[in-house]
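# What the coordinates show
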Amino acid sequence: MTLLQDILSYNEKFVSEKLYEDYITTKSPNKKLVILGCMDTRLVELLPKALNIKNGDVKFVKNAGATVMHPFGSIMRSLLVAVYELNADEVMVIGHHDCGMSSIKSDETLKKMLARGIEKETMETLNYSGINLEEWLRGFDSVQENVENSVSMIKNHPLMDKKVPVHGLVIDPGTGKLDLLINGYEDQK
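The structure reproduced in this document is the subject of the present report. Note that the coordinates shown come from a computational prediction; the quantities given were computed from them, not determined experimentally.

Take the pairing of strand β3 (residues 90-96) next. For β3, the buried fraction is high: six of the seven residues fall into the buried class. Sheet topology note: the β3/strand β4 (residues 166-171) ladder contains six bridges and is parallel. Note that in β4 the partner of Gly-95 across the bridge is Val-170.

Now the structure itself:
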């Protein structure tokens, strides 16, 4: 059985036995919070438990590194939609220690792409078109600096409501301990 078949088989049982009923909620977050977090597998269940968050409590936006890479990219768009359309009144950026993005070397990632069949000409075309693949794929050296940069980009975005507090935290993926880097309420004073 393939992974897809396994998932679909389980889903059929999930629906037929009405297991979804425990998760019924509205599209607006109960705690009026949107979180930008990392896609790390260690955080799938740990992060919500460490924050006392249940289904329906928050909007979750995830990517590699909990990073806002571009002020008009899909991450920023999702955060703005959460605030203006889905009633989120606060934003929280949560990075984590031992993040895979802190060890990413873009030149190594590009080599792996070539090894898996991406044509060198494709990469050259993208580079000639103005897309710096090494910059686009780069990681970061410090999770703290990455969180601070993302908070700054969100807080200073020209379309973000200045009354929305933007917090920055780092979680330990082993224990769930949170370290507060930026208290968004202090900026509201």
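Moving on, we get to the pairing of strand β5 (residues 178-182). Taken together, the four bridges between β4 and β5 define a ladder with antiparallel strand orientation. From the neighbouring strand, Gly-168 faces β5, where its bridge partner is Ile-182. In this antiparallel pair of consecutive strands, β4 and β5, the connection spans six residues, and Gly-176 shows a positive phi of 85°.

Here we come to the sheet that holds β4. What the five strands build is an open sheet, ordered β2-β1-β3-β4-β5; its pairing is mixed. Every other strand in the sheet has two partners, leaving β2 (58-63) and β5 as the edge strands with one partner each. Neighbour-to-neighbour, the strand axes of this sheet turn through a mean angle of 25°, independent of strand direction. The strands that helix α3 (residues 74-84) touches are β1 (33-38), β2 and β3; relative to β2, the one it contacts most, it runs at about 175°.

With that out of the way, let us pick up the side chain of His-96. With respect to the helices and strands, the residue His-96 is situated in strand β3. When sequence neighbours within four positions are dropped, the list of residues in contact with His-96 reads Cys-38, Asp-40, Arg-42, Leu-43, Val-143, Val-170, Ile-171 and Pro-173.

What counts, and where the lines are drawn
- Residues numbered from 1 in each chain as written.
- Predicted model: local features only at pLDDT ≥ 70, side-chain atom pairs only at ≥ 80, totals over all residues.
- Heavy atoms only, no water.
- Buried < 20%, exposed > 50% of the residue type's maximum accessible area, 1.4 Å probe, protein only.
- Helix = DSSP H or I, 4+ residues; strand = E, 2+ residues; numbered from the N terminus.
- Pairing = 2+ DSSP bridges.
- Axes fitted to C-alpha atoms, helices over the stretch in contact; angles between N-to-C directions.
- Contact = heavy atoms within 4.5 Å.

All quantities given are derived from atomic positions and should not be read as evidence of function.
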